[in-house]
Structures are given as C-alpha cells and as structure tokens.
Amino acid sequence: QDELDKEQVNIEEEYLNNGEDKLNDNEAPDESRESSTGRVYSNSYVDLERVDTVGFDYDYTLVTYTDELLELIYDMALNRLVQEKQYPIEMLDENMKFDPKYSIRGLAVDRQTAWICHLSYTHKVAVAWEGREKVSRQRLMEEYSGKRALSPKHRKKRLKPLNDLFSMAECCLIADTVQFFKDKNIPFCARNAVDDILSVIGSTHISGDFHRIAAANPGKYFEPKPSLRGVLEKLKKSGKRLIFVSNSPFWYVDAGMKYMFGEEWRNMWDVVIVSAGKPRFYTDNSRPFREVSKSSGRIKFKNIERFVPGDVYTEGCLRELTKCIDWYFASNDDTLSENDLKAQTTGGSSLASPNVLYIGDSLFADLVDAKREFGWTTAAVIPEVDYELKMQSKPKFILAQQTIALLLNALRMIQQDLGSGERTKEDLELMDALERMVSGWRDEQANLLENPFGSVFRARHTPSLFAHSLRRYCDLYMSDVAALGNYSLQHRFYPHDAKILSHEAAGAESECWDMEGIITTKFDS
C-alpha cells in the first residue's frame, strides 16, 4: 500500500503540480491529438472512389440543432403532460427544464421501474438512475436477477431504447417527473409514468408544433455550417449521385435547407424524398412514391414512374426508388451479366451494393437496415466523439485513467505474487479496497465528462451497447458531415485492428508497468 501511495503522488505531481509544460483544464487540448471535428473514423475498409451514390439524412446530419430545440421539445411535452394527462399542475411551477448535462444518447428506460439505464455491449445494466438519484448496485442486482441483465424476452418488453439525440429530451423529462413524485411523496406507477411521457413526446413530434417554431426562427435553433456547401458541391462535381432522404415533412425541411443553402437548394440533389418513414422505407417492398407540391406542400395523386430533378417526393420505398431513377450498380470489375441487368430493372438483388454511402445520425432509423438488408456503406454523424476526445485530453481525466491502470496492475501483480493458493482474509480485504478505489476513479471519469452516465461509448469499463452497434452497423463515423471535405474522393479508409479479446490486447507479454516520469501501463480493460 505504501508503494501505491508513492506512485499516486508521483502521478499527481507530474500532471498537476510540476506540469508547466502540461495543459491545465482551461487550456486548449494538445494539437498533437487530432481533433475529431475534421476526421472521419473507419470501422471497415472503404474506398470512396467506388462510391457512386451518397445519401443524406436531414435532422442532426445536414442540419444540427442548438440546445434550445431540445429545451423547446421538453417544455412542450411537459405542458402536454399536465394539460392532457392531468399530471400535477405544480410541475409547471417547479422550474423543470431540459438539462443538457443529464442525459446522453444510447440509453434505455426500463418501463417497469422508470430507471434510466446505460447498457454495456452484453446488455448488462452498468449504471441506472431513478429520477436524479443513482440506483445502488444492490438494487440493480435485486431487480435484474442477480446479474444486472435481463433475458432477451424480458429486455424487449421492458427496455425502451433512447438512441438518437432527440431522445435526450424525453430521457430528461422521465427523470425529472420521477424525481418530482419522489420529492413530493406522491405514489405513482412507474410504467404508467413512462408510457405517459413517451406518449406526450410522440405527440409533440407528430403535431409539428416545435417544427413550426424552429422553421420560423432558424437563427435560434439551427447551428451554422458554412463549410457544408463545399462538401456537397465537391461530391456533385465528382459525378456522384446525391440523394436526400428524410423523415421530416417538406415544409420543415424546406425552411431549414433554404436557411442553410439558399432558395435553390433542391438543385444540388438528384432526388429529394421527405416523410420517408425510415426504417420502413428500407423494408417495404411496394409502397409507391407521391409527389409533393413545392408551393403548397400538398400531396399530388398522379402515378410516379420517373423522378424529375428539382421535384419533391414523399413516402415510397427503396425498391421503387431504384425503378424511378434507373439505378445502376456497377460491380467491382464494372461488368454485369444479363441476369444482373434484369435484376436491376426489376428491383431485384442489385439493391445490395456497397457503392452506396448513406450518412445519418440515428443508427436504427437511418443505418441498420441499410447495412443489414442491402449491404450499403454506412456513415454515422456522432458529435459526441469530438466532445469526449477534448474532455479526455484534460489532465484530470488523464490522471484518472492512469490511476485506474495503476490500480488494476497492482491487483494483477498481487495475485501473481500470491499464486494459485488460497487467499487470506487480509489479502481479500486489500483487493476489495483496491477495487473500490478503481470504482471511485471511474465515477470521477464520469463526473469529468459532465454527465451522470459517463461516456457514450463506454458503460463503465466496457464498450457500451451504443458503441457496439456503431461498430457493427457503421463503416465510418464522424463528428460532422463537413469532415468529408478534408479527404480526397479517392481516399481509402483503413480501420484499426479490432482487438476485443484479452489475449489479443495483451499479447504474449506479462502484465507489468514501466515508469519514466509518467507511469504508462498495458491493461486490457
């Protein structure tokens, strides 16, 4: 223990006391650590030159919203909860507001308990909050059968994923409502509360109320993206087909795109599809397209057999899309058999092509079916990457990471010295104490990320379910679409090795650490 204390002092002095050449928490991150704002990350090999079609989602992809929009959604849903579901009117006087530092995406709400849960890639509940109070490990174990996880059958019934950025508002409203009931000692049924809140959030989206306010005040609710036009023009000039596919209605999309790109924004696109209803857009086999009047926004009734550039279409499905634009997918050697050509004209197997790149923010609405059903190349817009890398480059976070590594290696070394024999009571007490220290430092890391759940990509010390899905279904990811502008359209992305097993991460070397001023470690967690 004395040796551990000495090493801890050394780390703290190196990073916090004697670090004139180090960063303090208020300084910019080291430029040697590449900012993710301008970087595209790869999970798979991707050759941009082979991509002939690029599709884009709208919300949180081409346009990014300020926190004011989530505040607006939260406030509208809260009012609906009081007025339509007859929740206590006192809730409107409690100064309940959307808190951008409470929730992250990739969480899930347990309908039975109203707990907000952060899941690991094995579907284990790593952290849960009931209202604004953390659920104890003991309660987690009791609720989830002693293993902090549910069977697939019960998981499907109980857990409602909160995967996209819009869901942060409903996550916060669920927590605040539960906390209000607890603070006021009001008995409540958790399942009813969750269902009511999900209902009013859904009604808020469907009503179009917040869409109208945002469309009328784009300067307040839309973040400027001056470099995005250059990215789209670069793709267009290279001969790539550009397709716009959004679930939002035309009048809302039109207001935002005019604000971002000007009145003639539709001229940039080969096809514009609104109210697409993804993911049904990918899975439906026969839903036809309808044309939308650009002046009135009304739906026309004529049959759509071919798309006209500059016009706007709604609904439809992927198979109909391929027919309406004579979609041609070249094979890798640029040759097609007679059967291949026939399949293309009939909406057959040619739908599956890695030459289509689709970019969106919602893994399950935008990307999963495009990848799983059709083998498209998929790219996710994940702004959290940039934020987390900046926070993790600060000295306090690095200190926490190094301390955790030191403690874990101490535990390994202790067991190596003890061998395969029985542990004494004192041995086990020491190891328990060290494990509690590790847990405390992991809590500190979550606090440094300024939200109670920690990293979007880590559920405590394991990859989160969101990170697992990101890796599984997305070939590329980036903080902003503008990052594509930093790459040649002949660029080839090479992924890093996916070392997910302990023997691959640690190799053949024994567990040890090296000390040269700053302690560096090799560890597998």
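Located above this text is the structure these notes cover.
None of the values given here were measured: they were computed from a predicted structure.

About the criteria used
- Residues numbered from 1 in each chain as written.
- Predicted model: local features only at pLDDT ≥ 70, side-chain atom pairs only at ≥ 80, totals over all residues.
- Heavy atoms only, no water.
- Phe/Tyr/Trp six-rings, centres within 6.5 Å; stacked < 30°, edge-to-face > 60°.
- Helix = DSSP H or I, 4+ residues; strand = E, 2+ residues; numbered from the N terminus.
- Buried < 20%, exposed > 50% of the residue type's maximum accessible area, 1.4 Å probe, protein only.
- Lys NZ or Arg CZ within 6 Å of the ring centre and 35° of its normal.
- Arc of directions from axis to C-beta.
- Contact = heavy atoms within 4.5 Å.
- Core = buried A, V, L, I, M, F, W, Y, C linked by side-chain atoms within 4.5 Å.

(A) Layout of the packing of aromatic side chains. A complete count under the given rule lists 32 aromatic pairs for this structure. Here the aromatic rings of Tyr358 and Trp376 are separated by 6.5 Å at their centres, their planes lie at 45 degrees, and the arrangement is tilted. Pair noted here: Tyr358 is in strand β13 (residues 356-360) and Trp376 is in the loop between α14 (363-374) and β14 (377-381), with a separation of 18 residues, a long-range link. Classification of Tyr358 as buried rests on a relative accessible area of 2%. Residue classification places Trp376 among the buried positions, given a relative accessible area of 4%. Centroid distance Phe374 to Trp376: 6.3 Å. Interplanar angle 40 degrees. Geometry classified as tilted. In this structure Phe374 comes out as buried when scored by relative accessible area, which is 9%. Positioned over the ring face of Tyr102 is Arg132, at 4.2 Å from the centre of the ring.

(B) Geometry of helix α7 (residues 209-216). Of the positions making up α7, those classed as buried are Phe210, His211 and Ala214. What you see down the axis of α7 is that its buried residues fit within an arc of 105 degrees, all on one side. Buried residues along α7 sit against α2 (67-83), α6 (190-207), α8 (218-221) and α10 (250-261).

(C) Main features of the environment of Glu435. Its place among the elements puts Glu435 in helix α17 (residues 425-448). Spatially, the C-alpha atom of Glu435 lies 8.3 Å from that of Leu411, the residues being 24 residues apart in sequence.

(D) Broad picture of the nonpolar core. The biggest cluster of nonpolar side chains holds 124 residues, and the ones touching the most others in it are Phe56, Phe244, Trp269 and Leu321. In this view, Phe56 contacts Leu62, Leu232, Leu235, Leu242, Ile243, Phe244, Val245, Trp269, Tyr358, Ile359 and Val481; residues no more than four positions away in its chain are not counted. Among the nonpolar cores identified, the runner-up in size contains eleven residues, and Trp115, Val125, Ala128 and Leu159 belong to it.

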